[in-house]
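Below, each chain spelled out in residue letters.
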Amino acid sequence: MSDHYVKVKVQLEQMKSCGEDAEKEGVDAEEQLSVSSPPDSVSPDPTSISVAGRDESNTSITCKHRGKSRSKQGKDDKNSSGKHISDLSLHGSVVSAHVGKNLNGLGQERTLHIKGTGKILQGKSETNGNFVTIHASKSIQDTRREDGFKLARKRRPVTVDTSKAKTSLEALKISIKQLKWKEFPLGRRAACDIYWHGVSFHDNENIISGQVNKFPGMIEMLRKINMSRAVRTMQELFPEEYNFYPRSWILPEEYQQFSTQIRMVKENDCTVNPTFIVKPDGGSQGDGIYLIRDPSDLKLMAGSQAKQAVVQEYIQKPLLIDKLKFDIRLYVLIKSLEPLEIYIAKEGLTRFCTEPYQEPSQKNLSHVFMHLTNYSLNVHSGNFVHSDSQSTGSKRTLSSVLYRLAAKGVDIKKVWSDIIALVIKTVIAVVPELKVYYQADIPPGKPGPTCFQILGFDILLMKNLKPVLLEVNSNPSMRIEHEKEVAPGVFEYVPSPVDEEVKVGVIRDTLRLMDPGHKKPAISQPRPGGSEHREEIPIEAETQERSPDEGALPSLCLKQVYPKYTKQFNYLRLVERIAALFIRFLGVKGNMRLGPTAFRTFIRTCKLSNSNFTMASVDILYIDITRRWSGTMPDSREAATLCFSGMGLQAFVEAFFFLAGRRFKSLVLREQVVSLLELCEAQLQSQSGVEDRRSVSCSRALPRAVKTQTLGLTNPQLGSPAPLRRAVSQDYRLHQRLKPRTLRANVEN
Ligand code: ADP
């Protein structure tokens, strides 16, 4: 029984002891409230799942009460965990519940009317859904008067521009309707509170206020190559923590390394016969994916162009259900970048292959229905099962799968906790570059919207139950219909109950969290990278996050995991601190690349040069790195421009690692980086102290970025003597050779 019910019951018992015999009087139903089930029974969140029979209150995990569409309202009653407030009569009290919506945005009031007495119990729901205070014995007339007063101050509905929502439109419409918000399907001249984009931040240009459901740069950041690079940087710093991502190579630039390493592995042990999966960089829905067993099988060219792709270790032993391979689609909300706020949907989807799984062999490598779990592919197999049930068919809810695993004795709390860790770590890997995009599109001080985004994490469970990250989708499908062949060759979209169940909940609750009237909880934001760390996630009792005026809605299906688990993961946020330095020295608004002068300014300001590492060496380092990174660009013209336009964040991180290694030789990479960061941050802090003092005496102070930029302009010294150039170059190349980049085996099969 949830706290809420316990408290209401206690209150009713108090009333009874005051001689008010409510039991005999029946119910005065002013507004019959269908109270959502308590949060701890809705989800695959292991805080709420127990094996059938052990804990009755927690056995239902089918989430039927969430995200109901118009057509399915009636089904709510069937939900075994969904308690109705009239259930209270079972505890010997006859009352009706009335939810006074939070009209002034302060709190949700509930009144329990006791028929015939004119008396009511009045209490207030906290944002966690608990009923906390009681003012007994108010007359109904008093309350009605108050209600009328509140109505007069009714908050205007939240406005949502849905004109660019594309395929998420259906689910979005249902969500807006459930929230009683106002939709603008054709856009609106005046500003809206929320803009829902189907593809990218730029779907709607010139938004200067409100909130947009896409971050600038997210599409670029989550493309397979960029994503692999970002995770690999983290693997260099934290190999153990980031071993959830299969070993990957970037094509074409790492083709040689890939071939050499595989050849060596095979030579060392001729019984090893690994399989690899090749994924085109910009691909989705399984397009262009193929399996290989030998580097010579790579298709490297598309016409005259080298194909950009990631080749990845193939997980040969996935967990099977009904002999089929499946993967998990988990929805993750990034509510804010600064401070970082991450929510995970407690319910997700599982997508099943349609041909029984066999470990890869030369014979079955091309069997896509056996190896690829993509819905878009398997739906075309004759074996695809569309099911109205959430626990059967080729697409099922995550909770139904976890429930099944729990019934087999699997420790699903551990699985879920590992999944949460995987999600937080992945987000931490991509946030630094996202911040660079963000400041370029929405520079501080310029009017602009704030952003949030729902991401789709694709996760595979290995046979040993270890979750593996396959990819992150910046635009996960929010369709709630599926294609059906209504006549031979004729396809139509028909409603898909499983999709609707999950996706409407995710969109609706994302909107609830982004409600501009929703008070932000106070967030303590410890310094990134600092403090002790402990990765284990304590599974605590769920707190119910509920906006005060959301009386009739179910509890949130999105669970906050960050900053909630800051303590366990904050130490991983090192690259973000490097990105903060990078952004500080970018200078010009809208810029994403550091020019040579800005790089020198960084070195000077942080006092990183000395007689052993002169400014000339700094220039050579800059040229070497930017040249190498521009060589990774698909288009040589773009590469040439980039070489001149500067150093991106990933290249800067590489330079930073190099500088750290040079300065703190005796330490391991992670400690080197921490030490250099501390040194730079201390220098900047003392500089800004000096600058602040100067700017107090000189009233026309420049903005910080401009000030630091100008420091380096006095003596650019770009030309450097040839011998020195060679020395630094060699030094740097040696470092490159020693780097462990792609040499680690990440995921054991
Ligand atoms: P896409 O964006 O084209 O869907 P994914 O990276 O999601 O590309 O891969 C498509 C499918 O291939 C996944 O859903 C999964 O079934 C399978 N897959 C991808 N990577 C691996 C891997 N490393 N090991 C095993 N299976 C994989």
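What counts and how
- Residues numbered from 1 in each chain as written.
- Predicted model: local features only at pLDDT ≥ 70, side-chain atom pairs only at ≥ 80, totals over all residues.
- Heavy atoms only, no water.
- Pairing = 2+ DSSP bridges.
- Helix = DSSP H or I, 4+ residues; strand = E, 2+ residues; numbered from the N terminus.
- Contact = heavy atoms within 4.5 Å.
- Axes fitted to C-alpha atoms, helices over the stretch in contact; angles between N-to-C directions.
- Buried < 20%, exposed > 50% of the residue type's maximum accessible area, 1.4 Å probe, protein only.
- Salt bridge = Lys/Arg side-chain N within 4 Å of Asp/Glu carboxyl O.
- 1 Å grid on protein atoms, 1.4 Å probe; cavity = no way out; pocket = protein on both sides within 12 Å on 5 of 7 lines; lining within 4 Å.
- Points joined across faces, edges and corners; volume = space filled by probe spheres on them.
- Nonpolar A, V, L, I, M, F, W, Y, C, P; charged D, E, K, R; others polar.

Moving on to the sheet that holds strand S20 (residues 450–451). Ordered in space as S6-S5-S7-S8-S20, the five strands form an open sheet in which the pairing is parallel. What marks the edges here is a single partner per strand, and that holds for strand S6 (182–184) and S20. Pairing between strand S5 (residues 159–164) and strand S7 (residues 194–197): three bridges, direction parallel. Among the inter-strand pairings, Lys164 is bridged to a residue of S7, identified as His197. Across the sheet, helix H11 (residues 497–514) is in contact with S7 and strand S8 (211–212); its angle to S7 comes to roughly 150°.

It is generally the case that most residues other than glycine have a negative phi and that most peptide bonds are trans. Cis geometry is adopted by the peptide bond preceding Pro252, which originates at Leu251 and carries an omega value of 5°. Positionally, Pro252 belongs in the loop between strand S9 (248–251) and helix H6 (255–268). In this model, Lys166 sits at a positive phi of 50°, which is unusual for a non-glycine residue. For Lys166, the position within the fold is in the loop between S5 and helix H3 (169–179). Residue Lys607 is not a glycine yet carries a positive backbone phi of 55°. For Lys607, the position within the fold is in the loop between helix H14 (596–605) and helix H15 (615–630).

Among the five residues of strand S17 (residues 341–345), five are classified as buried, and the element is accordingly described as predominantly covered. The two faces of S17 match: Glu341, Tyr343 and Ala345 on one face and Ile342 and Ile344 on the other face are all buried. Here four bridges tie strand S16 (residues 324–336) to S17, and the two strands are oriented antiparallel to one another. Bridged to Val332 within S17 is Ile344. Sheet analysis places S17 next to strand S25 (residues 558–562), joined by four bridges and oriented antiparallel. Of the residues in S25, the one forming a bridge with Ala345 is Leu558.

Now for the pattern of salt bridges. Throughout the structure, instances matching the rule amount to 27 salt bridges. With its nearest N and O atoms 3.3 Å apart, the salt bridge here joins Arg479 to Glu481. According to the relative accessible area criterion, Arg479 is partly exposed, its value standing at 26%. Bridged by salt links that share partners, the residues Asp327, Arg329, Arg351 and Asp458 form one connected network.

All right, on to empty space enclosed by the protein then. For the structure on display, the rule yields eleven cavities of 30 Å³ or more. Quantified by volume, the largest cavity comes out at close to 300 Å³. Around the largest cavity, the lining comprises 24 residues; the ones closest to its centre are Ile277, Lys279, Ile289, Asn374 and Leu470. Those elements that provide at least two residues to the lining of the largest cavity are strand S10 (276–280), strand S14 (309–313), S16, strand S21 (453–461) and strand S22 (467–473). Here the lining of the largest cavity is built from residues that sort into eight nonpolar, eight polar and eight charged. Forming the walls of the second largest cavity are Met221, Ala230, Thr233, Met234, Ala429, Val430, Pro432, Glu433, Val575, Leu649, Gln650 and Val653. For the lining of the second largest cavity, the secondary structure elements donating two or more residues are helix H5 (224–237), helix H10 (412–441) and helix H17 (649–663). Here the lining of the second largest cavity takes four residues from H10, the largest share from any one element.

It is worth stressing that arrangement in space is one thing and function is another; only the former is reported here.
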